[in-house]
Amino acid sequence: MPKSLIKYLEKTITFIIKGVIFLLPLFFLPWTSEYFEFNKQLFLWLAMSLALFLWLLKQAAAGEIRIKVNSLNLPIIIFLALTGVSTLFSLNVFSSFFGSYGRFSDAWLGLLSLAVFYFLLINSGLADSALKIFVLVKLLFYSAFILAVISLLAMSGAIQSALADPFNILASPSFNPASGSLLSLAVFLAVMSVAAVGFLFTGVIKKFDRFIFGLGLILFLIVLGLINFYLSWLILALGAGLLIIGNFIESGLSFKKNYYFLILAILILAASLMLTLPKTNPAKIILGRPLPREAII
């Protein structure tokens, strides 16, 4: 087999993996009975199946199979095996494999797809260094940035005013491509906010990336403030607190170094703790209308 074919397969696998990281938070289909979770799961299943097939084809073209040994390989295999046995002997095998309506992420095929994603990520060389991992995290951050912009447009009514059909799913003020839930969106953006703060002050990102990360952090905090979900503030507070402790230890137990980082992290921590106390509705105050509230069981 020519080496050009192997290189082409490697590039295609890399493209699929990076595409999944970037597109998964944004992917949805408005013409199915369930717009978000099922379609994301289906997208993940198909993408990982194709990537695994191409990886096997690459190994065949190279005439050998090379699998990188990692300390997580065995625990993941054992976990998949145990959950697979549990699935086979469950009361509803079909739902255990493919998921039930509204709970598609609990499907065993979803776990298998995530395991394949991890396997390909390790064996494709995309996670060999901190710099390569940062490239992947940056893709996810850009996806979250677009997600925050779309969510803000939906909350402000800008999308609704542009649609002829007011009953379209896109017209809902709670619309966001990540999920059908504003609470899930808030949790995701809280995690990405902590990641943004961490990367902003590592000193390894370029000026343009620093600008996007800073702007993204502001957008994330605005969306979090409008949703005002207590769990997202707790995640943000915990993450900011861990960043403060980590930076304090790394700087030799001195607050004099990287004080800009500490000031920002402390401000986020203080805002998070304060916003968990009052039962206010920032969306009603800022937008003039409350966002739909979700029942938490």
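*Asks:* Now, about the overall build of the chain: what can you tell me, with residues and values included?
*Replies:* A count of helical and extended segments in the chain gives 12 helices and 0 strands. Taken from N to C terminus, the helices and strands of the chain fall in the order α-α-α-α-α-α-α-α-α-α-α-α. Counting across all 297 residues of the chain, residues that qualify as buried make up 40%. Considering only intrachain contacts with a sequence separation of at least 6, the fraction spanning at least 24 residues in the chain is 72%. Within the structure as shown, the chain displays about 16900 Å² of accessible surface, and the carbon and sulfur contribution to it stands at 73%.

*Asks:* Break down unusual backbone geometry for me, with residues and values.
*Replies:* Although it is not a glycine, Asn228 adopts a positive phi angle of roughly 55 degrees. Structurally, the position occupied by Asn228 is in the loop between helix H9 (207-227) and helix H10 (230-250).

*Asks:* Explain helix H2 (residues 37-62) to me, using residue names and the numbers behind them.
*Replies:* Its 26 residues place the ends of H2 37 Å apart at the C-alpha level, agreeing with the 38 Å of an ideal helix rising 1.5 Å per residue. Looking one or two places after H2, you find Gly63, whose phi comes out positive at around 80 degrees.

*Asks:* Now, about the side chain of Ser179: what can you tell me, with residues and values included?
*Replies:* Positionally, Ser179 belongs in the loop between helix H7 (158-161) and helix H8 (182-200). The exposure class assigned to Ser179 is buried, which follows from its relative accessible area of 14%. Among the polar contacts made by the side chain of Ser179, one reaches the main-chain carbonyl oxygen of Ser181 at a distance of 3.0 Å. Ignoring anything within four residues of it in the chain, the contact list for Ser179 reads Phe36, Ser184 and Leu185.

*Asks:* How would you summarise the packing of aromatic side chains if you had to cite specific residues and measurements?
*Replies:* One pass over the structure, following the stated rule, counts 9 aromatic pairs. By way of ring pairs, the aromatic residues Phe134, Phe141, Phe199, Phe213 and Phe220 are connected into one cluster.

*Asks:* Let's hear about a nonpolar patch on the surface: which residues, and what values?
*Replies:* Judged by side-chain polarity, Leu238, Leu242, Ile245 and Ile249 come together as a nonpolar surface patch covering roughly 420 Å² of accessible area. The residue Leu238 is located in helix H10 in this model.

*Asks:* Go over the pattern of salt bridges, please, and point to the residues and values.
*Replies:* This structure, assessed with the given rule, holds 2 salt bridges. In this structure, Glu10 and Lys58 form a salt bridge, with 3.9 Å as the shortest nitrogen-oxygen distance. A residue pair is termed long-range when its members are at least 10 positions apart, and Glu10 in helix H1 (residues 3-23) and Lys58 in helix H2 qualify at 48 residues. Overall, the relative accessible area of 31% leaves Glu10 in the partly exposed class. In this structure, the salt-bridge partner of Asp209 is Lys138, at a minimum N-O distance of 3.2 Å. Of this pair, Asp209 sits in helix H9 while Lys138 is found in helix H6 (residues 130-156), placing the two residues 71 residues apart along the sequence. Per residue, the accessibility class of Asp209 equals that of Lys138, and both read buried.

*Asks:* Account for the side chain of Thr83, with residues named and values stated.
*Replies:* Relative to the assigned elements, Thr83 resides in helix H3 (residues 73-88). Residue Thr83 is classed as buried on the basis of its relative accessible area of 17%. Of note is the side chain of Thr83, whose polar atom sits 3.0 Å from the backbone oxygen of Leu80. What Thr83 contacts, discounting residues up to four positions off in sequence, is Trp108 and Leu111.

*Asks:* Explain the layout of surface pockets to me, using residue names and the numbers behind them.
*Replies:* Taken as a whole, the largest pocket encloses approximately 510 Å³ of empty space. In this structure, the largest pocket is lined by 19 residues; those nearest its centre are Leu24, Pro25, Lys40, Leu140 and Phe188. Going through the elements one at a time, H1, H2, helix H5 (108-123), H6 and H8 are the ones with two or more residues in the lining of the largest pocket. Top contributing element to the lining of the largest pocket by residue count: H2, with 4 residues. Broken down by class, the residue content of the lining of the largest pocket amounts to 13 nonpolar, 4 polar and 2 charged.

*Asks:* Which residues make up the nonpolar core, and what are the values?
*Replies:* Ranked by size, the top nonpolar core spans 37 residues in total, and within it Leu185, Val223 and Ile227 carry the most contacts. Within the residue set of this core, elements represented by two or more residues are H6, H8, H9 and H10. Sorting elements by how many residues they give to this core places H8 first, with 11 residues. Not counting the four nearest positions on each side in its chain, Val223 is found in contact with Ala148, Leu152, Met155, Leu185 and Leu189. In terms of nonpolar packing, the next biggest core, distinct from the first, is built from 19 residues, Ile16, Ala47, Met48 and Leu136 among them.

*Asks:* Outline the packing of H8 against H10, listing residues and values.
*Replies:* Between H8 and H10, whose axes approach to 8 Å, the crossing angle comes to 20 degrees. Relative to H10, the element H8 lies roughly parallel. Where H8 crosses over H10, the handedness of that crossing is right-handed. From H8, Ala186, Val187, Ala190, Val191, Ser193, Val194, Val197 and Gly198 reach across to H10, where they touch Leu231, Ser232, Ile235, Leu236, Gly239, Ala240 and Leu243.

Here is what the cut-offs are and how they apply
Residues numbered from 1 in each chain as written. Predicted model: local features only at pLDDT ≥ 70, side-chain atom pairs only at ≥ 80, totals over all residues. Heavy atoms only, no water. Helix = DSSP H or I, 4+ residues; strand = E, 2+ residues; numbered from the N terminus. Buried < 20%, exposed > 50% of the residue type's maximum accessible area, 1.4 Å probe, protein only. Contact = heavy atoms within 4.5 Å. Areas by Shrake-Rupley, 256 points an atom, 1.4 Å probe, with all protein chains shown as cover. Expected span 1.5 Å × (residues − 1). Polar contact = N/O pair within 3.5 Å; in protein donor to acceptor, adjacent residues only side chain to side chain. Phe/Tyr/Trp six-rings, centres within 6.5 Å; stacked < 30°, edge-to-face > 60°. Patch = residues over 30% accessible without salt bridge, like charges linked within 9 Å, V, L, I, M, F, W, Y side chains within 5 Å. Salt bridge = Lys/Arg side-chain N within 4 Å of Asp/Glu carboxyl O. 1 Å grid on protein atoms, 1.4 Å probe; cavity = no way out; pocket = protein on both sides within 12 Å on 5 of 7 lines; lining within 4 Å. Points joined across faces, edges and corners; volume = space filled by probe spheres on them. Nonpolar A, V, L, I, M, F, W, Y, C, P; charged D, E, K, R; others polar. Core = buried A, V, L, I, M, F, W, Y, C linked by side-chain atoms within 4.5 Å. Axes fitted to C-alpha atoms, helices over the stretch in contact; angles between N-to-C directions. Parallel < 35°, antiparallel > 145°, perpendicular 65-115°, else oblique. Left-handed = near helix turned anticlockwise from the far one by under 90°.

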